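Listed below, chain by chain, are the residues.
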Amino acid sequence: MSDKPMRLSRGLVFILREESGVAYSELIKNFEKIRSYMRDFYVYGFKSRDDYTQKSARSYDDERRRIESWLGDCMGFRQTSGGKSVFISIDSRLQRGNPLFRAWKSCSFTDGDITLHFFIFDILYSPEVKCSMAEIHEGIEKRQQLFLQARVFDESTIRKKLKEYEEQGIVKKEKVGHTVLYSRCESPAFDGADALMFFSEIAPCGVIGSFLLDKLPPQKTPFAFKHHYITHTLDSDILCSLFDAIDRRCEVTLEVLNRRKTPFTITTLPLKIFISVQNGRQYLMSYSEYNDRIFSTRLDNIISVKIGDVCENFESYRQKLEDMQKNLWGVSIGRGAKEHIEFTVRCVKGEEYIFDRMMREKRCGIVVRLDENTCRFSAEVYDAGELVPWIRTFICRIVKLKCTNDDIVQKFKDDLEQMYRLYGIKEEALV
Amino acid sequence: MIFSELYGTYYNAVAKILTAAVERDVPLAQMREIIRSAAFEESVFEIEPAITSQRWNLISKDGKTDIERKPTMPLTNLQKRWLKAISLDKRIKLFDVKFDGLEDVQPLFRPEDIYVFDSFSDGDDYENEQYVKNFRVALDAVKNNYPIKIKYTDRRGFASFIAARPLRLEYSEKDDKFRLYISGSRGMSTINLGRAQSCERLAENVSFTEKKTAPVSKTVTIELVNERNALERVMLHFAHFEKQAERIDDTHYRLTITYDSDDENEMIIRFLSFGPFVKVVQPQRFAELIKDRLYRQLDCGL
């Protein structure tokens, strides 16, 4: 028999024992391992078990089962000709609260960790209570009188845990004479549950807001969210480290996946985080001294962040990026030279909202109303190709497209021709 | 930094059991109930044995504890830094909150550390006092389930009144706007909060009718071809919908998306933005809407 629980049907689990093999646990030590599985289940949702099992079938089964346990009803299964595919399906407008936060609440711990945690904060129950190591030791023993066998914690274990809590800012120590005294830190009383329910969904590293909400009595959120991308939740730790590096004006060494999903390492100076609210991607904009250029890196491709030395010239590189922003449509710097792009749309009577739409949706450049029925957008940008998806949204009205990069115009027209073929437009028009 | 057992579901569940046990013995059934509501689906199979086999020495088999007070933990540096960061957000003014005790805390990020590059430029005015007042009335009404009277500017620019029960406040980061879902005499509808001139609680003696309706959902099926990384772009772009995806062959995929019928025009332009990599296949009515636009484009003579 084994320690490995097997799911026989939903909610029915048998604990089996097996001499060899590691016991299955819902909790995990390393978040990176689960990150790509969750992303694939949420974003793609069509991959079958065979697509994941190149490395280890057992690893896939364990990760799938963990995610299923965390996310419950958000998980779905479908039997296809390629095998059973697992997906996470969430309608962000109906789902209350980001379910991917649950993954961040699955960190494993030892029996000693949890026991010590509750003992320490029961002993140091208010900031005024200051205890020596001996008093804490005594307090731990006192709190195990119910049990036949007391768990023994040596001084170095307790000291290590207290040091960990000092680093987290929840315990502080001070020296009084020759004695070191420990106490819990003061904590601001924040009871803005509405603000937490809102910002945990839309602010960067929103999962931290969810941790704060866990401290409050559960309540129904008054908010819903449209166009709500939550995939970046899985990159919260990476983002947090990058914010820390930006705050300290430090370089970072990043381990990044390239297009072929092979890891490589770069050292760069983080300047700003660019966020798309139209696809949920987050990008690090950073300066590479090696290439003397600013470039973007998708956060979901970053595996790890190691903070390095302080860069004295941070402000000047950030200023350079801010100067470039007025000519950036997205995040691409292209070849570093600006391209001119313009297009003209024609509206009929009653379609004035198209002009308003252009004004509202443009990220840079200008919109000029040429006459009652036509308006033109034009801009100087580093990568005109980034505008193509937006220009396509005006299909049915585009009368002119010009760009200093001829390839963009040609590709746009070729794509349009392909769309006509795809829907049988030209054939029908000829008939 | 973020991934720590301190914020974990198990610590929270155990804290809840201890909170109950400090007051009176917690029977096993109650323990299980707390775990089920506070933790993951299978957590009961890990937490319960840890308690009953006395691996943690926090609660005895019969639900007693030597812990003396209800468990609490101060805010960590990370939590304080995040709170400080949101205190600097322009939208915080919508909420009547104070951030006492965070004066010396470094924010985790500042507004200038972030750049949202594709939100629309005509977002709501969070500096406007009347807007903030309207938001707070609407929020309170949603939470406490009472009807309100809204004076608003309609699409033609005229002032109108409506009496309705606010159901929820919906925020779109892309639009940077709040919409209020309301239930009134014409059923469920929405109103852009930015259009509201005033919101006030409806006097109790004012009669108010409410017709119960539900939003209408529709589905659309597209086929996509994985060229120029279209698969990832499309899947990410439509990630926030309830959807089903399947692989047709090595380069073709089918995606069925459930959307709100009010958003049909938006869906059309979102599909068009992917050019020839996305084709609407079902329903035929939707495909005709795309074709109509393409016919009109053909006439533009580009």
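Residues numbered from 1 in each chain as written. Chains lettered and ligands numbered in written order. Predicted model: local features only at pLDDT ≥ 70, side-chain atom pairs only at ≥ 80, totals over all residues.

Draft legend 1. Fine view of the overall build of chain A. From N to C terminus, chain A includes 14 helices and 16 strands. Taken over the C-alpha atoms alone, chain A extends approximately 90 × 60 × 45 Å along its principal axes. Here chain A holds 431 residues, and 37% of them are scored as buried. Sequence separation of at least 24 residues holds for 60% of the intrachain contacts in chain A that already meet a minimum separation of 6. (Helix = DSSP H or I, 4+ residues; strand = E, 2+ residues; numbered from the N terminus. Buried ≥ 20, exposed ≤ 12 C-beta atoms within 10 Å, placed from the backbone. Contact = placed C-beta atoms within 7 Å.)

Draft legend 2. Focus on the confidence of the model for chain B. Predicted confidence across chain B gives a mean pLDDT of 94, with 100% of residues reaching 70 or more. Among the prediction metrics, the complex's ipTM stands at 0.95, with pTM recorded as 0.93. (pLDDT = per-residue confidence, 0-100.)

Draft legend 3. View of the nonpolar core. Leu-242 of chain A together with Val-14, Ile-17, Leu-18, Met-235 and Phe-271 of chain B are the most contacted members of the largest nonpolar core, which totals 157 residues. Looking at this core, the element that brings in the most residues is helix α1 (residues 9-23) of chain B, giving 8 residues. Excluding anything up to four places from it in sequence, Val-14 of chain B contacts Ile-114 of chain A together with Ile-47 and Leu-58 of chain B. (Core = buried A, V, L, I, M, F, W, Y, C linked by C-beta atoms within 7 Å.)

Draft legend 4. Layout of the sheet that holds strand β9 (residues 252-260) of chain B. Residues and elements named next belong to chain B. With antiparallel pairing, the 4 strands of this open sheet are ordered in space as β8-β9-β7-β10. Only two strands of the sheet have a single neighbouring strand rather than two, namely β8 (242-247) and β10 (278-282). When strand polarity is set aside, the average angle formed by the axes of neighbouring strands in this sheet is 25°. Sheet analysis places strand β7 (residues 217-225) next to β9, joined by 9 bridges and oriented antiparallel. From the neighbouring strand, Leu-224 faces β9, where its bridge partner is Tyr-253. (Pairing = 2+ DSSP bridges. Axes fitted to C-alpha atoms, helices over the stretch in contact; angles between N-to-C directions.)

Draft legend 5. View of the interface of chain B and chain A. Taken together, the contacts link 105 residues of chain B with 120 residues of chain A. Top contributing element to the side of chain B that touches chain A by residue count: helix α8 (residues 284-300) of chain B, with 9 residues. Of the strand pairs in this sheet, strand β9 (residues 263-275) of chain A and strand β1 (residues 114-116) of chain B are connected by 3 bridges, and their pairing is parallel. Note that in β1 of chain B the partner of Phe-274 of chain A across the bridge is Tyr-115 of chain B.

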